[in-house]
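If you want the building blocks of each chain, they are given just below.
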Amino acid sequence: MEQKLKALSHLYVTVFMWGFASCIVIPAITDVTMFALCPGTDECSLAIYLSGIQQAVIGVGTTLMMPLIGNLSDQYGRKSLLTLPMALSIIPFAVLAYSRTTNYFYAYYALRTLTAMICEGSVNCLALAYLADNISDSQRASAFGILSGITSGAFVCSTLAARFLSAGSTFQVATFVSMLAVVYMRTFLEESIPVRDESMTQPILKESEDAIQKDGNVVPRKMPVFKRIPSLGDIISLLRSSPSFTQAAVVAFFYNLAEGGVLSSSMYYLKARFHFNKNQFADLMLIAGIIATASQLFIMPLLVSPIGDGKLLSIGLLISCIHAIIYSLAWSPWVPYATTALSAVMVFAPPSLRSIVSKQVGSTEQGKAQGCISGVSSLANIIAPLIFSPLTASFLSEDAPFHFPGFSILCIAFILAIAFILSLTIGNAPSNSSDKSSSNCMEV
């Protein structure tokens, strides 16, 4: 038990440092983008459209990569697969750490788009699978909540640090901490492989071998590693492996469609409507992050046992819907700050959803399951900017169909309402992992 706790502590430190590096640039990136593309203005349709295109392209990549990364982590270990996204995420930060002129911004834009196809969501997906390897079913919702709390804590610390750093220093710090996270993870984090056999100790790029009969003798037959890539049919089979899994995937789609809409519209909405700057964005995110961290670390673990992860999911989605409605009707700059109080309940949704998913598969399929849900989430992230980027740009322009700057946020509230209604059918999902040690949907 002590060894497991030590291993989990190294995982939490790794996730904290990676989250810190990823989040510290968020308050600055809007101003950097606006300065590079539309200097001297508060509205920039080009920035909105480029952000939407990037989000959609990243979504396509992650939809394809997440199931593959999860599948490979089940075979070769979580630590081995964590190395790739954590190392790749350093490159875009280093570009803007060097310069933030227009040419370098476009270089960052291209590199960020390419690397995020692998990095976006991978660390969280693999960390969840790592926890599932080491935590029992009854404690997973709490453990997932703590992991989310660690991520929120990293968000709070990074946002606070960004408050006192220039844009250039922000990206330099992000680059350094990203490198430190990779070194720490490779040095201290223990490997976690669900089932150990000889084939799982081979390098990822080495060809695997399968036994065949030849002249009465058993001889190995080489099979390329890419035979291990799950097909669309494999993913569909896994999604249909249990009713709760299927329902959770549908809820994940709508929830992440709404979250993608928030990414595509909220900052531009606040900048255009209330002229928010970098420091105001940082303050807003800092307050929300503190509340979310405290809730996930101290409140959610107390509520999981008496309430259950199914009800926590529904409650989180309902409050998220209410938050979006109020946000869309914001009549003063203090309204977005006031609504951050709802973050204490909104943050229940993601870890509860992941806990429900984790309970529906066996110990050797945690990577596949979390990867498939991440793929579904990425699919939603493809669609979200295609809807919300033009919608936001239209209602923030002078030629809006009618005066309602927060119309895109109201649409997000409608999507969250759908997710809430669907979540009511899940209930407190029972654990099927004990009798689902292996489904054949993704066997190689």
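Note that the structure is a prediction, hence the values are computed from the model and not measured. (Residues numbered from 1 in each chain as written. Predicted model: local features only at pLDDT ≥ 70, side-chain atom pairs only at ≥ 80, totals over all residues. Heavy atoms only, no water.)

### Side note on the nonpolar core
Inclusion rule: Residues belong to a common nonpolar core when they are buried Ala, Val, Leu, Ile, Met, Phe, Trp, Tyr or Cys residues joined through side-chain atoms within 4.5 Å. Residue burial is assigned from relative accessible area. The probe radius is 1.4 Å, only protein chains are included, and a residue is buried under 20% of its type maximum, exposed over 50%, and partly exposed in between. Helix and strand assignments follow DSSP, with helices taken as H or I runs no shorter than four residues and strands as E runs no shorter than two, numbered in order from the N terminus. Delimitation of the domains relies on an automatic or database domain assignment. Contact criterion: two residues are considered in contact whenever any of their non-hydrogen atoms come within 4.5 Å of each other.
Residues Leu11, Met86, Leu131, Phe171, Leu270, Leu313 and Leu317 are the most contacted members of the largest nonpolar core, which totals 110 residues. Ranked by residue count, the leading element in this core is helix H11 (residues 243–274), at 14 residues. Two domains each donate at least three residues to this core, and these are domain 1 (1–191) and domain 2 (234–428). Apart from residues no more than four positions distant in its own chain, leucine 313 is found in contact with Val251, Ala349, Ser352, Leu353, Ile356, Ser423 and Ile426. Listed in part, the 7 residues of the second largest apolar core include Met300, Val304, Val347 and Phe348.

### Digging into the packing of H11 against helix H17 (residues 366–396)
In plain terms, the rule: The axes used here are C-alpha line fits, helices contributing only the stretch in contact, and every angle between their N-to-C directions lies in the interval 0 to 180 degrees. With the far helix as reference, a near helix turned anticlockwise by less than a right angle produces a left-handed crossing, and one turned clockwise produces a right-handed crossing. Just so you know the grouping, Ala, Val, Leu, Ile, Met, Phe, Trp, Tyr, Cys and Pro go in nonpolar, Asp, Glu, Lys and Arg go in charged, and all remaining residues, Gly too, go in polar.
At their nearest, the axes of H11 and H17 sit 7 Å apart, and the two run at 35 degrees to each other. Considering the relative orientation of H11 and H17, their crossing is right-handed. Considering only residue class, the contact of H11 with H17 consists of 18 nonpolar, 9 polar and no charged.

### Digging into the environment of alanine 338
Along the polypeptide, alanine 338 turns up in helix H14 (residues 334–339). Considered as a pair, alanine 338 and isoleucine 326 are 12 residues apart in the sequence and their alpha carbons are 9.9 Å apart.

### Notes on the confidence of the model for the chain
Segments scoring low in pLDDT should not have their predicted coordinates read at a detailed level. How we decide: Confidence of the predictor in every single residue is expressed as pLDDT, which spans 0 to 100.
For the chain, per-residue confidence averages 82 on the pLDDT scale, and residues scoring 70 or more make up 84% of the total. In this model residues 218–223 is a low-confidence stretch, pLDDT under 50, and it forms 21 contacts with partners more than four residues away in sequence or in other chains.

### A few points about the packing of helix H7 (residues 122–134) against H17
Let me state the cut-off plainly: The labels follow the angle: roughly parallel below 35 degrees, roughly antiparallel above 145, roughly perpendicular from 65 to 115, and oblique for the rest.
With their axes 9 Å apart at the nearest point, H7 and H17 run at an angle of 150 degrees to one another. Compared by their axis directions, H7 and H17 come out roughly antiparallel. Judged by the sense of rotation from one axis to the other, the crossing of H7 with H17 is right-handed. On H17, the residues that touch Cys125, Leu128, Ala129, Ala132 and Asp133 of H7 are Gln366, Gly367, Gln370, Gly371 and Ser374. Here the residues of the contact of H7 with H17 are counted per class, giving 4 nonpolar, 5 polar and 1 charged.

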